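Letter by letter, the chains look like this.
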Amino acid sequence: MSKELSRRDFLKGAAATAVSAAFLGVTGTAAPKAKAAAAYIPGTYTATATGMGTVTMTATFSETAITDIVLDVSQETEGIGKAAGDTLVSQLMAAQAPEIDGVSGASMTSEAARECLRNCIAQATGTTVSAVVEDAAPVEHGAWYDEKYFAKPDPITDIAETIDTDVVVIGAGNGGLVAAASAADLGAKVTLVEKNATWITWAGEMGAYNSKLMNEEYGIHYTDEELLEISNEICRYAGYECDQRLINLWLFNSGRTMDWFVDQMEAKGIHMFLETDMKDTRYMNKPQTHTVYEHFEELGPNQMGAQLANPKWVEIIEEKGGSILWQHTAKQLVQDENGRVTGIIIQRNEDGAYIQINAAKGVVLSTGGYGGNPEMMEALHYRDKDVICNNLGCGFAMGDGIKMAMWAGADIDRNHAGGVAFDRAAVDLDHHTGAPYTSGLGDIWWPGSQPWLNLNTHGERFCNEDNTYDFHINSWLTQPGHIGFQIFDSNYWSDVQAFHTTICSRVVAVPGARNSEVLPGVMPCKSGEQFYDVYIKPALDSGKLQQADTLEELADKLGFEGEYKENFLKSIERYNELCDGGVDYDFGKMSKDMTPVKQGPFYGIALGSWLLATMNGVRVNTNLEAITPEGNAIPGLYVIGNDMGGFFSNSYPQMFGGTAHGKTVCFARLATLHAVTGSIYES
Ligand SMILES: Cc1cc2nc3c(=O)[nH]c(=O)nc-3n(C[C@H](O)[C@H](O)[C@H](O)COP(=O)(O)OP(=O)(O)OC[C@H]3O[C@@H](n4cnc5c(N)ncnc54)[C@H](O)[C@@H]3O)c2cc1C
């Protein structure tokens with residue numbers, strides 16, 4: 001690893017270098033426009049304003065013109081606000097005034113640049129700047145996120161069309177499809193709204209307890225005491241920064257809601273599978289993972305999950321009389337004078353027309369969180385934003401549901417939670433993490449969760465690799481560049497058999513485990529040859545994985561140089577010694593996972609985080625109704641899926657496979673039961 005700046009550091013450095021108008025070729029000789037007649041007090045003035053971070057401007061004035069603007073956007077979002085700096089300076093210099101178009105997608109940075117220039121002009125004309133300060137959004141006591149970003153927009157009034165229904169569901173994803181089908185199954189008139197032309201096909205494993213499938217077909221039963229033990233373990237992952245009542249709601253009700261799910265799927269000829277092959281691990285790891293599954297061949301690649309289930313949910317909704325509005329985007333909730341949510345305004349993508357849907361029984365939001373919105377991550381001080389480098393599967397999630405609920409008065413989690421994420425994003429050798437994210441299949445290295453040796457960019461081992469993948473990502477956050485290098489040797493097949501990772505990190509096919517292909521070419525294997533064909537060869541071909549006959553050569557190929565190369569070689573030597581003794585005296589890794597790196601060819605790959613879902617969102621009560629900061633329900637508004645908060649914080653409980661999707665479908669059923677019947681229980 002070179003000591004030179006990484007690409008990310010380079011970009012940061014470039015952005016921090018103030019964008020000068022002179023650099024842009026816009027000089028002090030530019031003809032003044034709007035301010036030609038104004039008398040400025042010549043000089044250089046400085047102002048700051050809040051964009052995503054602090055934006056600072058230094059503007060130089062002659063008597064009649066703004067002759068130079070230097071804009072520091074180094075605290076703005078990588079690839080968005082930072083990239084907008086040059087254009088904003090050009091626009092401001094050309095306009096000679098703050099009234100500019102700004103840069104699309106970088107609205108916060110644009111507004112901060114305008115505000116800075118207003119302030120500098122006020123100083124240069126000797127007028128007070130207090131008006132500018134007063135314009136800033138008031139900061140309420142207790143606010144910790146960027147209130148300006150979440151400012152409530154003006155209500156939409158030009159409604160072209162009105163629809164009357166009982167229940168409106170927003171988002172044809174894992175939560176929305178089940179909610180719409182459930183409401184229709186309960187006899188309600190349902191309208192499902194989706195901004196894209198089709199449904200989501202990601203995710204497959206759903207956690208649930210004491211379903212009939214689990215109790216009767218698999219003979220597994222959990223007592224109340226055991227469920228509460230699990231409840232407390234899940235709270236520990238969250239540091240108890242969660243509402244334990246919601247976790248219990250899922251644990252104690254997911255069985256009956258899963259029974260309903262299974263019945264609906266069975267009626268469509270689709271079967272379910274329960275994962276029973278568990279890992280020998282230091283973490284609590286229980287059978288809970290239900291998977292929609294097609295057994296084409298017992299240990300071959302079978303189909304699973306949302307790929308199979310979601311098209312069936314679309315059929316079920318339509319068969320039960322529900323209507324689906326594809327390519328319509330939800331914009332704003334409608335409330336009556338008592339605050340009850342009575343409907344929602346959506347926009348037809350084709351022509352921009354607004355449609356108001358009046359919902360007599362409620363609105364269910366399930367728009368998938370904000371994994372596609374780096375600006376919102378900044379505004380919420382999202383903890384993991386710097387370690388993510390891929391968001392395949394959640395790039396469309398812009399936080400719309402969360403924002404709409406907030407505008408309606410709902411509270412959100414007061415944490416900076418990490419995400420549901422995999423430590424399986426292959427990082428280019430220029431080591432880029434942070435927005436903009438990639439989302440290509442070729443950027444995924446599925447064996448990233450295998451507990452092989454992991455080194456940082458300085459060639460040092462820094463933690464126990466045998467922890468869950470969310471913990472791994474947390475540890476990368478503490479390291480330079482926020483990435484780790486996974487290093488292994490030609491014994492990879494015997495290694496992964498010893499590791500015996502389970503659920504979605506599984507790479508070895510065994511009975512009692514689902515053996516499914518969700519992404520092309522990603523499935524547990526039956527032999528080393530198959531492992532090579534499915535994983536190693538494609539990654540070598542893409543240039544993400546490096547192969548070398550010697551460790552020196554591998555270090556070179558991975559970009560380690562000088563002192564860092566020496567560290568790299570010493571770290572491997574030390575690790576091999578520990579493996580020989582069978583005890584990890586440095587970090588306490590389990591002995592069975594201490595597999596040496598001795599037998600060439602050797603392999604190495606740089607890894608970062610692949611974000612699947614954000615975890616923090618709108619606070620709800622145990623009826624899944626959104627609540628205000630005072631804890632009062634907002635009647636008529638239900639929030640589920642990734643838009644819902646109160647359940648996770650800190651780290652996702654990975655060893656409880658399918659908890660995110662499992663609680664999503666459970667709460668989709670419970671929310672619609674409450675909306676339609678007034679109770680979360682079937683009568
Ligand atoms: C690749 C991948 C694999 C995963 N695997 C698992 C797994 O195996 N187990 C597990 O527990 N979890 C898994 N997850 C996480 C899981 O999918 C989520 O936690 C959750 O279940 C998603 O449900 P949702 O309804 O909130 O969002 P989504 O399923 O993402 O659906 C949201 C929908 O809302 C639409 N939408 C957004 N904004 C608007 C708007 N303004 N108007 C209209 N429509 C809008 C979107 O287009 C999208 O169709 C996975 C996620 C990914 C990306």
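Source: prediction; values computed, not measured.

(A) Local environment of the overall build of the protein. For the protein, the helix and strand inventory stands at 17 helices and 22 strands. Seen through its C-alpha atoms, the protein measures out along the principal axes to roughly 85 × 70 × 40 Å. By the burial criterion, 53% of the 683 residues in the protein qualify as buried.

(B) Spotlight on the site of the ligand. Not every one of the 39 residues close to the ligand is listed here, only the nearest: Gly171, Gly173, Gly175, Gly393 and Gly641. The greatest single-element share of the shell around the ligand, amounting to five residues, is contributed by helix α17 (residues 659-677). Across the shell around the ligand, the residue classes tally to 16 nonpolar, 19 polar and four charged.

(C) Layout of the nonpolar core. Counting residues in hydrophobic clusters, the biggest one holds 193 residues, and the most contacted among them are Met57, Ile344, Val364 and Val639. With 10 residues, α17 is the largest single contributor of residues to this core. For Met57, the contacting residues outside a window of four places in its chain are Thr46, Ala47, Ile69, Val70, Leu71, Ala113, Cys116, Leu117 and Cys120.

(D) View of the pairing of strand β6 (residues 190-194). A large share of β6 lies buried, amounting to five of its five residues. In this structure, strand β5 (residues 159-170) lies alongside β6, joined through four bridges in parallel fashion. Paired with Val169 across the strands is Leu192, a residue of β6. The sheet contact formed by β6 and strand β11 (residues 323-326) spans four bridges and is parallel. Its bridge partner being in β11, Glu194 is matched across the sheet by Trp326.

(E) Representation of the environment of Ser110 within the structure. Locating Ser110 in the fold gives a position in helix α3 (residues 107-124). With 97 residues separating them in the primary sequence, Ser110 and Gly207 have C-alpha atoms 44 Å apart.

(F) Region of the structure containing the pairing of strand β14 (residues 354-365). Alignment of β5 against β14, held across 10 bridges, turns out to be parallel. Residue pairing in the sheet places Thr162 in a bridge with Gln356 of β14. Note that strand β13 (residues 341-348) and β14 share five bridges and pair antiparallel. What sits directly across from Ile344, in β14, is Ile357. The hairpin turn running from β13 into β14, its antiparallel successor, is five residues long, and Gly352 in that turn takes a positive phi close to 80°. Bridge analysis of β14 against strand β22 (residues 633-639) gives three bridges, and the strand direction is parallel. When the bridges of β22 are listed, Val363 appears paired with Leu637.

(G) Expanded view of the domain arrangement of the protein. Taken domain by domain, the protein consists of domain 1 (7-135), domain 2 (161-369 + 634-677) and domain 3 (446-608). Here the C-alpha centroids of domain 2 and domain 3 sit 34 Å apart. Of the residues lining the interface, 28 residues belong to domain 2; the matching set on domain 3 comes to 22 residues. Of the residues forming the side of domain 2 that touches domain 3, the biggest block, three residues, is contributed by strand β9 (residues 289-294). Of the residues assigned to the side of domain 2 that touches domain 3, the class counts are nine nonpolar, 13 polar and six charged.

(H) Up close: the packing of helix α5 (residues 176-185) against α17. The contact between α5 and α17 brings their axes to 8 Å, and the two run at 35°. Where α5 crosses over α17, the handedness of that crossing is right-handed. On α17, the residues that touch Val178, Ala179, Ser182 and Ala183 of α5 are Val665, Ala668, Arg669, Ala671, Thr672, Ala675 and Val676. Of the residues that constitute the contact of α5 with α17, the class distribution is eight nonpolar, two polar and one charged.

(I) Geometry of the environment of Lys312. By secondary structure assignment, the location of Lys312 is in helix α9 (residues 306-319). Setting aside residues up to four positions removed in sequence, Lys312 forms contacts with Met265, Lys268 and Ile270.

(J) Region of the structure containing helix α14 (residues 528-542). Its 15 residues give α14 an end-to-end C-alpha distance of 20 Å, which sits within 8% of 21 Å, the value for a rise of 1.5 Å per residue. Along α14, the sharpest kink reaches roughly 35°, centred on Ile536 and followed within four residues by the proline Pro538. Of all the positions in α14, only Phe531, Val534, Tyr535 and Ala539 are classed as buried. Looking at the buried side of α14, the elements it contacts are β16 (419-426), α13 (492-499) and β20 (602-614). Positive phi appears at Gly543, one or two residues downstream of α14, with a value of about 85°.

(K) Structural context of helix α16 (residues 562-581). Over its 20 residues, α16 extends 29 Å from the first C-alpha to the last, a length consistent with the 28 Å expected when each residue adds 1.5 Å. Taken together, the buried positions of α16 are occupied by Tyr564, Asn567, Phe568, Ser571, Ile572 and Tyr575. For α16, the angular spread of the buried residues around the axis is 130°, confining them to a single face. Relative to its buried face, α16 has exposed residues pointing more than 90 degrees away, namely Gly562, Glu563, Glu573, Glu577, Asp580 and Gly581. Residues of α16 that are buried make contact with β17 (453-455), β18 (484-488) and α15 (551-557).

(L) Representation of unusual backbone geometry. Following Ala435, the chain continues to Pro436 via a peptide bond in cis, the omega torsion being 0°. By the element assignment, Pro436 lies in the loop between β16 and β17.

(M) Up close: the packing of helix α7 (residues 224-237) against helix α8 (residues 244-266). Viewed as axis vectors pointing N to C, α7 and α8 meet at an angle of 135°, and their least axial separation amounts to 10 Å. Here α7 is positioned oblique relative to α8, judged by the angle of their axes. Along this stretch, α7 crosses α8, giving a crossing that reads as right-handed. Judged by residue contacts, Leu227, Ile230, Ser231, Ile234 and Cys235 of α7 engage Gln244, Ile247, Asn248, Leu251 and Phe252 from α8. Broken down by class, the residue content of the contact of α7 with α8 amounts to seven nonpolar, three polar and no charged.

The rules behind each value
- Along each chain, numbering runs from 1 in the same order as the chain's sequence is written.
- Two thresholds apply to this predicted model, a pLDDT of at least 70 for residue-level local features and 80 or more for giving and counting side-chain atom pairs, whereas whole-chain, interface and lining totals are computed over all residues.
- Secondary structure counts use DSSP, requiring at least four H or I residues in a row for a helix and at least two E residues in a row for a strand, with both numbered from the N terminus.
- Residues with at least 20 neighbouring C-beta atoms inside 10 Å of their own are called buried, those with 12 or fewer are called exposed, and the rest are partly exposed, where every C-beta is derived from the backbone.
- A molecule or strand has a residue near it when that residue's C-beta atom, placed from backbone coordinates, lies within 6 Å of it.
- Classification used: nonpolar for Ala, Val, Leu, Ile, Met, Phe, Trp, Tyr, Cys and Pro, charged for Asp, Glu, Lys and Arg, polar for all others including Gly.
- We call a set of buried Ala, Val, Leu, Ile, Met, Phe, Trp, Tyr and Cys residues a nonpolar core when their C-beta atoms link them within 7 Å.
- For every residue pair, C-beta atoms are placed from the backbone, and the pair is scored as a contact if these atoms sit within 7 Å.
- Here the rule is simple: two strands pair whenever DSSP picks up at least two bridges between them.
- Domain start and end points were adopted from an automatic or database domain assignment.
- Angles run from 0 to 180 degrees between N-to-C directions of axes, and those axes are lines fitted to C-alpha atoms, restricted for helices to the stretch in contact.
- Here a crossing is called left-handed whenever its near helix is offset anticlockwise from the far helix by less than a right angle, and right-handed whenever the offset is clockwise.
- The span you would expect from a helix comes to 1.5 Å times its residue count less one.
- The angle separating two fitted axes, one through the seven residues that finish at a residue and one through the seven that start at it, defines the bend at that residue.
- Throughout, the arc means that of the directions going from the helix axis to the C-beta atoms.
- Working rule for angles: under 35 degrees goes down as roughly parallel, over 145 as roughly antiparallel, 65 to 115 as roughly perpendicular, anything else as oblique.

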